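As a plain string of letters, each chain reads:
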Amino acid sequence: MNHYKKDLKRTYILSIVILPLLIAWNFDEVNTLFDPFRDPYAGGDSREFEDEAIDIAGNDNGSTQNQTENNIDSETGSVSDAPEPGVYGVSSAHPLAVEEGMDVLEDGGNAVDAAVAVSFTLGVVEPYGSGLGGGGSMLIHDPDEGIVNYDYREAAPESAQTLEDVPERGMAVPGFVKGMETVYEEMGSGEKEWEQLLAATDDYVDDGYQVDEVFADQISSYHRTLDFSSADGGNSDEEEYTRYGEPVGINDTIQPDALADTLERLKAGGSEEFYEGELAESLAETMNIPVDDLASYEVHRTEGEEVASGTWEPYDYDGESREQTIYGSPSPASSTIVIQALQMASRLDLTELIEILEGDNEDYEEEIENVSALLASELDGLEEDDKIEVGHLAHSEETEAHYYHLMSEITDAVYSDRLGTLGDPQFDEIDHQELNSEAYINNLIDDVEMNPYALSEQLRDGEIDEDELDENEPVEEDPDTTAAISDETQTDLDDPGNTTHFVIVDDEGRMVSATHSLGEFFGSGVYNDGYFINNQTDNFSENEDSMNRYEPGKRPRTFVSPMIFTETVNYENEEYEVPSLGFGSPGGSRIPAMQFQTAMEYQYGQEDGEALSLQEAIMQPRFYTDGNILYTEEQLGNDYAREILQYSPVDDPAFNPDNVNEEDFQMGYDYNVQGYADSLLFYGGIQGLGFSHSSDNPYEGIYGGGDERRNGSWGIREAE
C-alpha cells in the first residue's frame, strides 16, 4: 500500500536533478552573457534582423503593388515609374551600426540618411577603424540619378610642399565630416534633420558601449603607440581606453566624454565647426598646420562614366544570359582592378590548360579524360558542351589547384597594372572606361600564365633562381605608361588600409556601398577631441615619377574598393537598371583579392547542387598569394591539390636540372596556412546586400551577409 511513497520519493529526487539541467539547457544563451570572454554582440537582440533572405515575389509585379501611392512627388505631384522593392536593409561590421541604420530606414529616412547615421555610429564603436579623423569613399546607385560616387578621403595639407613637410606620424587632412554633410545635403531624403542622424550615437557616447573581440584584439596590439596628450590639455578619454595601465578588454565599457562633446558641437555647427571653428583650431594645433589647410578641403563627386565601371557576363547555371554592370569607386580607390579581375576570369580561354589536363599537350601527361564531363558531373546545371570558366575549376579535386593558380595569376596581373594606371584624378588623367574596355582586358589576359608548370620550367632552365622565389619580384617598368615603378611596390603593399565597410538599401531601391578608414588601425595613434587622426600621408610613394607621388592637396592611392553590381530589368515595357549586389571589405592590400574571390564564389559556387547564398559565399575559405607564397585560410583537404600546388622538382635534394621528367613538374608554390585564429582580419571582412531579379519581376527578394571573421552583421526587413 505504501509503494507509491517510494515512487514519489524517486520522482522528487529526479525532479531535483533534472529541473536544473533543463533550466541550464534552455537558458544557456542567457548564462553565457556572464562569460567575461564572450563577445557582447555574438547574439541576442543585436542580431534580430539577420534573415539570410526575404522573398518579396509574392506581390503582383514584385513589390511594386503600392507604387503609385509611394512614388508621388510631394512637390510636383508627378509619379515616378521606376519599380520599388518595398524592403530595406543594412550590412555592417558592427551590430550596433546595423541597429541605428535600420531605425533610420524604418522611420522614413533613405539609404543616404541611414549611411550618415551608420558612419557616425561606427566612428564611435569602432574608433580604431574609422571616424571623424579619417575619410572614405561612398558609392551610391540612385533610382533617379544613377551611379554617383563621393570621395572624401584624407588629403595632404596644402601647406606641406614635400613629404618631409607633412605632419608627424603621417597625419593628413580628414574628409569624413565634410563628406557626411555633403552626401546628406545632396542625396539625403530631406525628411531627417542633421542633428537627428548624429543623435544615433547618443546612447553610445553618453552611456557607453561594450568592447567586442575585434576592438580588444586591435587595442591590445596598438595601445603602446597611442598618444592621448591633447593639444589644449583638455579631456583626452585616455582612462576610457585603459584599465590600470593596460588596454581595455572584451566586455569592458567605454564612455568617450570628449567625443560626446565634439559630436554635440557638430550637431549644432556642422562641418563648418570642424573645418573652420574651434574644433578646427584644436585639430590644426595638434597637426601643426594652419587652419586654412582644413578650410580648403573639398569633397569630390563623380558620376556616370567618371565612375569606374565595366560589364561582365559570367556563366549562369540556369542557362540565361545575365549581363551585369559592375560599378566601383574611381581612382585613387582600387575598385577598377576588381572589375578587371572579374572580366578577365569570365573571358579567359582555358583551351591551353584543358589540353594539359587532358594530356593533349605533348609535354605533359595528366590523366583527366574529359575536363568538361568531369566538371559537369560535379556542378548542377553545367552541361558538357558549355564553356568552362575559371570559377568552375574550384569544384573538382582534380582541377582545384588550377583554380588557385589562375585566380592568383589574374590577381597578380591587375595588381601590377594599377601601379602605372591609378592615382588621384585631380593630378593625373585617368580614363576608367579605357581601363575596363575589352581591348584593355585582353591585354591584361596576355599577362596570365596559363601553363601551371611554368615556374618549374624556369627553375629547371635556370631562368630564375630558387632564392628569389620568396621575394616579391620588382614590377618591371612599362615604357608605354607612367608606370609601374619597382621601388614603390613595397610602399603599395604595406598600405594596411585597415578599414570598415557597410552596405545599405532602402525601400525605393537606392543602394549605398561605402568604405571608411584611418589608414592603419587607430591611424596615426594621435587622439584629438575624442577621435583618432589618420596617417594617410604615409601611403604616398617617394618616387617622383610615380602616379602615387606626393603633392600638396593630393589623396594617396588606396586599396579600398566599394562595389555595386546592377542588372537591366524590364518592368511594364520599360527597361530599368536596378542594383543586384553591393559589397566591400577591409583588409589593406588584400581587399581587391578578397572581393574578387567572394564574387567568384557567389557566382559559381554550389553546395549539394544548390547555389551558395551570399552568406555562404562570404564564409568560404579564402587564400592569398604573395610572390610564390600561397596563404590559405584552412588546411587544404584535397591532398592532390595540396601536392600539385606546392611540390617542385627543385625541392628534391637529388634534383638535377639536366635529368628531370616533364611529368614531375608541379606549380612550385610555397604553401602556408594562415588561419583565422592567427589573424582575425588577414582575409578581410566582406559585408554585402543584394536583390534577386527575374525577366518579369524587377525585385524577387532581398538577401544579406556579414563576415563572421570580423563579427559582421546585417539586417533586412519588409517595409510596412
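Keep in mind that this is a model prediction, so the values were computed, not measured.

Topic: the overall build of the chain
Then, number 1: The secondary structure content of the chain amounts to 24 helices and 25 strands.
Then, number 2: Counting only contacts in the chain whose residues sit at least 6 apart along the sequence, the fraction spanning at least 24 positions is 72%.
Then, number 3: By element, 40% of the accessible surface of the chain is carried by carbon and sulfur atoms, the whole surface being about 30300 Å².

Quick look at the confidence of the model for the chain
Then, number 1: Here the chain averages 84 in pLDDT, and 79% of its residues register 70 or above.
Then, number 2: This model gives residues 58-79 a pLDDT under 50, and the stretch forms 33 contacts once residues within four places in sequence are excluded.

Observations concerning the nonpolar core
Where a protein is soluble and globular, its nonpolar side chains tend to be buried together.
Then, number 1: If you look at the biggest cluster of nonpolar residues, it comprises 83 residues, and the most contacted ones within it are Phe-120, Leu-132, Met-138, Tyr-209, Ile-504 and Val-512.
Then, number 2: The biggest single contributor to this core is helix α5 (residues 111-125), with 11 residues.
Then, number 3: The contact partners of Val-512, leaving out residues within four places of it in the chain, are Ala-111, Val-112, Ala-115, Met-138, Leu-139, Ile-140, Phe-502, Val-503 and Ile-504.
Then, number 4: Of all hydrophobic cores here, the second largest spans 79 residues; its members include Val-371, Leu-393, Ile-441 and Phe-583.

Here we look at the packing of aromatic side chains
Then, number 1: This structure, assessed with the given rule, holds 33 aromatic pairs.
Then, number 2: Taking the centre distance of 5.1 Å and the plane angle of 80° together, the rings of Phe-522 and Phe-532 count as edge-to-face. Here Phe-522, found in the loop between β13 (511-517) and β14 (527-528), pairs with Phe-532, found in strand β15 (residues 531-532); they are 10 residues apart in sequence, far enough to count as distant. Of the two residues examined, Phe-522 and Phe-532, each falls in the buried class.
Then, number 3: Geometrically, the ring pair formed by Phe-691 and Tyr-699 is edge-to-face, given 4.8 Å between the ring centres and 70° between the ring planes.

Concerning the pairing of strand β4 (residues 146-151)
Then, number 1: With six of six residues buried, β4 is to be regarded as a mostly interior element.
Then, number 2: Alignment of strand β3 (residues 135-142) against β4, held across six bridges, turns out to be antiparallel. Across the sheet, the residue bridging to Ile-140 is Val-148, located in β4.
Then, number 3: Between the end of β3 and the start of β4, which pair antiparallel, lie three residues.
Then, number 4: In this sheet, strand β9 (residues 300-303) lies alongside β4 in antiparallel orientation, the contact comprising four bridges. From the neighbouring strand, Asp-151 faces β9, where its bridge partner is His-300.

Section: the sheet that holds strand β16 (residues 563-571)
Then, number 1: With respect to topology, seven strands assemble into an open sheet ordered β1-β24-β23-β17-β16-β11-β10, the strand pairing being antiparallel. In this open sheet, the two edge strands, each paired with only one partner strand, are β1 (53-55) and β10 (308-312). Put simply, the sheet's adjacent strands are angled 25° from each other on average, direction ignored.
Then, number 2: Pairing analysis gives four bridges linking strand β17 (residues 574-584) to strand β23 (residues 687-694), with the strands arranged antiparallel. Bridging from a neighbouring strand, Leu-581 pairs with Gly-690 of β23.
Then, number 3: Of the strands in this sheet, β10, β11 (324-328) and β16 are in contact with helix α14 (residues 335-347), which crosses β10 at around 15°.

A few points about the pattern of salt bridges
Then, number 1: In total, this model carries 19 salt bridges according to the counting rule given.
Then, number 2: Where Arg-549 meets Asp-428, a salt bridge forms, and the shortest distance between an N and an O atom there is 3.2 Å. Residue Arg-549 is located in the loop between β15 and β16, and its partner Asp-428 is located in the loop between α17 (400-418) and α18 (432-435); the two are separated by 121 residues in the primary sequence. Taken individually, Arg-549 and Asp-428 each receive the classification buried, so the pair is uniform in this respect.
Then, number 3: Here Asp-707 makes a salt bridge to Arg-622, at a shortest N to O gap of 2.9 Å. With Asp-707 in the loop between β24 (697-706) and β25 (713-718) and Arg-622 in the loop between α23 (614-618) and β20 (623-626), the pair connects residues that are 85 residues apart, well separated along the chain.
Then, number 4: Accessibility expressed as a relative area gives 0% for Asp-707, which makes it buried.

So, a negative patch on the surface
Then, number 1: A surface patch of like charges, here negative, comprises Asp-203, Asp-206, Asp-207, Glu-238, Glu-239, Asp-257 and Asp-261.
Then, number 2: Put simply, the parts of the chain that give the negative patch at least two residues each are α8 (202-206), α10 (238-241) and α11 (257-275).
Then, number 3: If you trace the backbone, Glu-238 turns up in helix α10.
Then, number 4: A residue is classified by how much of its surface remains accessible, and Glu-238, at 41% relative accessible area, is partly exposed.

Some remarks on the pairing of β11
Then, number 1: Of all five residues that make up β11, five are buried, and the element is covered over most of its length.
Then, number 2: Of the two faces of β11, the one holding Gln-324, Ile-326 and Gly-328 and the one holding Thr-325 and Tyr-327 are both buried throughout.
Then, number 3: Pairing geometry for β10 and β11, over five bridges, is antiparallel. When the bridges of β11 are listed, Thr-311 appears paired with Thr-325.
Then, number 4: Of the strand pairs in this sheet, β11 and β16 are connected by four bridges, and their pairing is antiparallel. By the bridge assignment for β16, Ile-326 is matched with Phe-565.

Calculation criteria
- Residues numbered from 1 in each chain as written.
- Predicted model: local features only at pLDDT ≥ 70, side-chain atom pairs only at ≥ 80, totals over all residues.
- Heavy atoms only, no water.
- Helix = DSSP H or I, 4+ residues; strand = E, 2+ residues; numbered from the N terminus.
- Contact = heavy atoms within 4.5 Å.
- Areas by Shrake-Rupley, 256 points an atom, 1.4 Å probe, with all protein chains shown as cover.
- pLDDT = per-residue confidence, 0-100.
- Core = buried A, V, L, I, M, F, W, Y, C linked by side-chain atoms within 4.5 Å.
- Buried < 20%, exposed > 50% of the residue type's maximum accessible area, 1.4 Å probe, protein only.
- Phe/Tyr/Trp six-rings, centres within 6.5 Å; stacked < 30°, edge-to-face > 60°.
- Pairing = 2+ DSSP bridges.
- Axes fitted to C-alpha atoms, helices over the stretch in contact; angles between N-to-C directions.
- Salt bridge = Lys/Arg side-chain N within 4 Å of Asp/Glu carboxyl O.
- Patch = residues over 30% accessible without salt bridge, like charges linked within 9 Å, V, L, I, M, F, W, Y side chains within 5 Å.
- Lys, Arg positive; Asp, Glu negative; His and termini not counted.
- Charge placed at Lys NZ, Arg CZ, Asp CG, Glu CD.

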